[in-house]
Amino acid sequence: MKRYLTVDDIGDLEVALKEAAEVKANPYKWDTLGKNKTIVLIFFNSSLRTRLSTQKAAMNLGMNVIVLDVNKDGWKLESEFGVIMDGDKPEHLREAVPVIGRYCDIIGVRSFATFEDKAADYEERILNQFIEFAGVPIISMESATRHPLQAFADLFTIEEHKTKARPKVVLTWAPHPRALPQAVPNSFAEWMKKADVEFVITHPKGYELAPEFSEGATIEYDQKKAFEGADFIYAKNWSSFTEYGQILSKDMSWTVNEEKMALTNNAKFMHCLPVRRNMIVTDGVIDSPNSIVIDEAENRVISAQVVIKRMLESL
Ligand code: CP
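Calculation rules
Residues numbered from 1 in each chain as written. Predicted model: local features only at pLDDT ≥ 70, side-chain atom pairs only at ≥ 80, totals over all residues. Heavy atoms only, no water. Near = heavy atom within 4 Å. Polar contact = N/O pair within 3.5 Å; in protein donor to acceptor, adjacent residues only side chain to side chain. Areas by Shrake-Rupley, 256 points an atom, 1.4 Å probe, with all protein chains shown as cover. Nonpolar A, V, L, I, M, F, W, Y, C, P; charged D, E, K, R; others polar. Domains from an automatic or database assignment. Helix = DSSP H or I, 4+ residues; strand = E, 2+ residues; numbered from the N terminus. Contact = heavy atoms within 4.5 Å. Phe/Tyr/Trp six-rings, centres within 6.5 Å; stacked < 30°, edge-to-face > 60°. Buried < 20%, exposed > 50% of the residue type's maximum accessible area, 1.4 Å probe, protein only. Salt bridge = Lys/Arg side-chain N within 4 Å of Asp/Glu carboxyl O.

Caption draft 1: Summary view of the site of the ligand. Around the ligand sit Ser47, Leu48, Arg49, Thr50, Arg110, His147, Gln150, Cys272, Leu273 and Arg300, and those are all the residues in its vicinity. Take leucine 48: an N or O atom from its main chain is 2.7 Å from an oxygen atom of the ligand. A distance of 2.8 Å separates an oxygen atom of the ligand from a polar side-chain atom of histidine 147. Coverage of the ligand by the protein chains reaches 93% of its 250 Å² of free accessible surface. Here the residues of the shell around the ligand are counted per class, giving three nonpolar, four polar and three charged. Two domains each donate at least three residues to the shell around the ligand, and these are domain 1 (3–146 + 300–314) and domain 2 (150–296).

Caption draft 2: Inspection of the environment of alanine 210 at higher detail. By the secondary structure assignment, alanine 210 is in the loop between strand S9 (198–202) and helix H9 (211–214). Placed 65 residues apart in sequence, alanine 210 and threonine 145 show a C-alpha to C-alpha distance of 9.7 Å. Ignoring sequence-local partners within four residues, the contact set of alanine 210 consists of Tyr122 and Phe241.

Caption draft 3: Expanded view of the packing of aromatic side chains. The final tally for this structure, using the stated rule, is 11 aromatic pairs. A centroid spacing of 6.4 Å and a plane angle of 70 degrees characterise the contact between phenylalanine 81 and phenylalanine 133, whose relative ring orientation is edge-to-face. Of the two residues, phenylalanine 81 sits in the loop between strand S4 (77–78) and strand S5 (91–92) while phenylalanine 133 sits in helix H6 (residues 125–133), which places them 52 residues apart along the sequence. Taken together, a centroid distance of 6.4 Å and an interplanar angle of 85 degrees make the contact between phenylalanine 241 and tyrosine 244 edge-to-face. Of the two residues examined, phenylalanine 241 and tyrosine 244, each falls in the buried class. Three or more aromatic residues joined by ring pairs form one cluster here, namely Phe115, Tyr122, Phe241 and Tyr244.

Caption draft 4: Structural detail: the pattern of salt bridges. For the structure shown, the criterion picks out 22 salt bridges. Across the salt bridge formed by glutamate 22 and lysine 18, the nearest N and O atoms sit 3.7 Å from each other. Here glutamate 22 and its partner lysine 18 are both found in helix H1 (residues 13–25), four residues apart, which amounts to about one turn of the helix.

Listed below in structure tokens is the structure:
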């Protein structure tokens, strides 16, 4: 595996889920695979789970790990080409990326949408410069448009908790005080459409995802109707794609609460975290026995370990 950016990079989902189960059952089985190999994890944005779980996954495989928080520890990096660099960014990605590539065997990159330029975000301008110039395999640790390590962990968590062959999985928009990217719901949709699940997306009008992610999913604007008979409720806020980056609603009637969960088939509650309590979900739901958000976060180690393992095996 030379890159891990979308669901297509993981190949057959059944094979990947089987491999994830093997890794979870015996995480140290491949603890010499990464001997004398180095992974650099570069963060343009904050993280708790991705930083720790990806580092842990690499350490389980015996790798050396370097973590760089670009905004705190590095030079500010320019990503535009052809600009006169007389501003606050003293180094261009064009040099920084190949330099980093000379110091390691794999690079993980976290670079969120900026909301300044929809085209630049959806063209993945920063991630693509890593792919083009690094000279080593690249893992997306959440890009402008996708969060594939999260989606893989989400699917594996559903696999562990499902009680029927083809569960109903509902992705629901929920309110949030700040404008958030579409990366998590995009990737979740991308993975659920390939998995053996009945997949429904529910959100207020104006929050339609980009067609490449929503096509093929059932869209239901009535949240309560969407929840009926659901086996998994996956809550997430995202800002508008059409009115790019805008908050169109903070309607608290979309918060996931006990009354709505009662409409489901005793559904498990999921969220990628971090979560705003009593905006996205009530305390009663996230603290209930049906909440599997911590299992989901634990499985971030597993998804990262499968991906890094595959990369090491193909170096
Ligand atoms: N879910 C997730 O990616 O968490 P962090 O932003 O803390 O890494």
